[in-house]
Amino acid sequence: MKLKPALILLAVALLFAAAVPAAYGAHSIAAPGAAPLEFTLEPDEPTETPLSPQQLPPPTMTELADGVYHYFGLFSSSLVVIDGGQVLVTDPSNNARAQSLQEEIAKLTDDPVSIIALTHEHFDHVGGTSVFPDATVICHVNCQPQFDLDVLGDVPEVDLTFDTKMDVGVGNKLVELHYLGPGDGEATTVIYMPNEQIVVTSDLYEPRALTGKNWVDDKNFTGVRQILNTISQWPIKHAINAHSPGTAPQDLQENVAYYNDLFNAVYTALSDAASQGGIRALFGVFVSLPQTLQLEQYQDWENYDTSFPRHVERMLQAITHAD
Ligand SMILES: [Zn+2]
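Residues numbered from 1 in each chain as written. Predicted model: local features only at pLDDT ≥ 70, side-chain atom pairs only at ≥ 80, totals over all residues.

Chemist: Outline the overall build of the protein chain, listing residues and values.
Modeler: The number of helices and strands found in the protein chain is seven helices and 13 strands. By the burial criterion, 39% of the 323 residues in the protein chain qualify as buried. (Helix = DSSP H or I, 4+ residues; strand = E, 2+ residues; numbered from the N terminus. Buried ≥ 20, exposed ≤ 12 C-beta atoms within 10 Å, placed from the backbone.)

If you want it as structure tokens, here you go:
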């Protein structure tokens, strides 16, 4: 996360506002007739004071190409495409954010949002679609199994699914939805506008920051590497990622290098151990490498100190277990 811990605290508090009275600390929930389930939500740095809603940065709507915008509000990105009486948005996220998104779009067009494309199945991206009742909701076919587990009551009714690729027309503009394999979650969708050379990804990377260790458990590290390598070959003028306001393609390219460097270092260690000591030596690598491996060129990236060993573990798991 590139965000300050206080901002993360507030974002999570807002996300949970309807369901959990206080975002962090001990909680219990219970299904009718069942014993309560105790759980604790812990931020990385719980001592910072959350911002009040008045201290939230105002949303921004940045025009990237004719009729194509990057909305950034409540710590999340949406692509907005307006053409020919149609409006496409990505990832409304939740009702409060969707209403803000609606207000900003109303400054640009009177046309209602007609298409919502979701970037993946995670709960912090898929809520708020009911704010746009006229919209057709598109999500990869792998979204529904996760939506069946919804605890917030906020997942959308999906109108259209796709398997490997879907072309969506927005007026005269083309928006491509690509499934390039699992990345962050199982329904990872890369959105690309080939004519405008704009790509949108969610939760695959952030500028000069490692994904925090608490958020990597369902991130497929070899999958993320493959996806980033694939899209880095496409012509790109703007690369929108989920949780930062910038769109510089360099941020994407630096993360391509990071994932390749991490993969190469871990793969080399595993190969060397296997050739010298077989499967027993591989187990030794699992124990030692997260403590010993360093990639010095990334030591100034945010979260490196706290999260790099966990990244090494996840890459070890991805290479040997394929997830
Ligand atoms: Zn995610």
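Still more to cover.
Chemist: I'd like to hear about the pairing of strand β5 (residues 76-83), residue by residue, with values.
Modeler: Summarising burial for β5: seven of the eight residues are buried, a large majority. In terms of strand pairing, strand β4 (residues 68-73) meets β5 through six bridges, oriented antiparallel. From the neighbouring strand, Y69 faces β5, where its bridge partner is V80. Between β4 and β5, which pair antiparallel in sequence order, lie two residues; one of them, L74, sits at a positive phi of approximately 50 degrees. (Pairing = 2+ DSSP bridges.)

Chemist: Please give an account of the sheet that holds β5 that cites residues and values.
Modeler: Reading across the sheet, the six strands line up as β3-β4-β5-β6-β7-β8 and stay open at both edges, with mixed pairing between neighbours. Of all strands in the sheet, those bounded by a partner on one side alone are β3 (60-65) and β8 (136-138). On average, adjacent strands in this sheet sit at an angle of 20 degrees to one another, irrespective of strand direction. Alignment of β5 against strand β6 (residues 86-90), held across four bridges, turns out to be antiparallel. If you follow V80 over to β6, its bridge partner there is V89. Packed on one face of the sheet, helix α2 (residues 95-106) meets β3, β4, β5 and β6 and runs near 140 degrees to β4. (Axes fitted to C-alpha atoms, helices over the stretch in contact; angles between N-to-C directions. Contact = placed C-beta atoms within 7 Å.)

Chemist: Give a detailed account of unusual backbone geometry, specifying residues and quantitative values.
Modeler: With phi around 50 degrees, L74 is a residue other than glycine that occupies positive phi space. The topology assignment puts L74 in the loop between β4 and β5. The exposure class of L74 is partly exposed, given the 19 C-beta atoms found within 10 Å. Phi at N303 takes a positive value of approximately 75 degrees, unusual for a residue other than glycine.

Chemist: How would you sum up the packing of helix α6 (residues 249-292) against helix α7 (residues 304-321)? Please name residues and give values.
Modeler: Direction vectors running N to C along α6 and α7 enclose 55 degrees, while the axes themselves pass 8 Å from each other. The orientation of α6 relative to α7 falls into the category oblique. For the element pair α6 and α7, the recorded crossing hand is right-handed. Residues L262, F263, V266, Y267, L270, F286, L289, P290 and Q291 of α6 pack against P309, H311, V312, E313, M315, L316 and I319 of α7. Of the residues in the contact of α6 with α7, the class split is 13 nonpolar, two polar and one charged. (Parallel < 35°, antiparallel > 145°, perpendicular 65-115°, else oblique. Left-handed = near helix turned anticlockwise from the far one by under 90°. Nonpolar A, V, L, I, M, F, W, Y, C, P; charged D, E, K, R; others polar.)

Chemist: An account of α6 is needed here, citing residue identities and associated values.
Modeler: Side chains that are three or four residues apart share a direction in an α-helix, a result of its 3.6 residues per turn. With 44 residues, α6 extends just 31 Å between its outermost C-alpha atoms, more than 12% less than the 64 Å of an ideal straight helix rising 1.5 Å per residue. Of all the bends in α6, the greatest measures close to 135 degrees and is centred on G277. Of the positions making up α6, those classed as buried are L252, N255, Y258, Y259, L262, V266, A273 and V285. Buried positions along α6 lie against α5 (221-231), β13 (238-240) and α7. (Expected span 1.5 Å × (residues − 1). Bend = angle between axes of the 7 residues up to and from the residue.)

Chemist: Just give me the short version of the sheet that holds strand β9 (residues 165-170), but keep the residues and values in it.
Modeler: In spatial order, the strands read β9-β10-β11-β12-β13; together these five strands make up an open sheet with mixed pairing. One side of each edge strand has no neighbouring strand; the edge strands of this open sheet are β9 and β13. Averaged over neighbouring strand pairs, the angle between their axes works out to 20 degrees when direction is ignored. Pairing geometry for strand β11 (residues 189-193) and strand β12 (residues 198-200), over three bridges, is antiparallel. The partner of I191 across the bridge, within β12, is V200.

Chemist: Kindly report on the nonpolar core, identifying the contributing residues and their values.
Modeler: Counting 61 residues, the largest nonpolar core has L88, I116 and A117 as the members making the most contacts within it. The two domains that each donate at least three residues to this core are domain 2 (57-203) and domain 3 (261-321). Contact partners of I116, with chain neighbours within four places excluded, come to V89, P92, T129, F132, A135, V137 and I138. (Core = buried A, V, L, I, M, F, W, Y, C linked by C-beta atoms within 7 Å. Domains from an automatic or database assignment.)

Chemist: Tell me about the environment of V175, and name the residues and values.
Modeler: Relative to the helices and strands, V175 is located in strand β10 (residues 173-179). Separated by 18 residues in the primary sequence, V175 and M193 have C-alpha atoms spaced 4.9 Å apart. Here V175 is in contact with V81, L88, A117, V168, V170, I191 and M193, once residues within four sequence places are set aside.

Chemist: Break down the environment of L64 for me, with residues and values.
Modeler: As for its position among the elements, L64 is in strand β3. For L64 and Q197, which are 133 residues apart along the polypeptide, the C-alpha to C-alpha distance reads 9.9 Å. Non-local contacts of L64, meaning those with residues more than four positions away in its chain, are made with Y69, H70, E196, I198, H238 and T247.

Chemist: An account of the pairing of β3 is needed here, citing residue identities and associated values.
Modeler: Here β3 pairs with β4 via five bridges, running antiparallel. Pairing of T62 across the sheet is with H70, part of β4. Counting the residues that bridge the hairpin from β3 to β4 gives two residues, and of these G67 lies at a positive phi of roughly 75 degrees.

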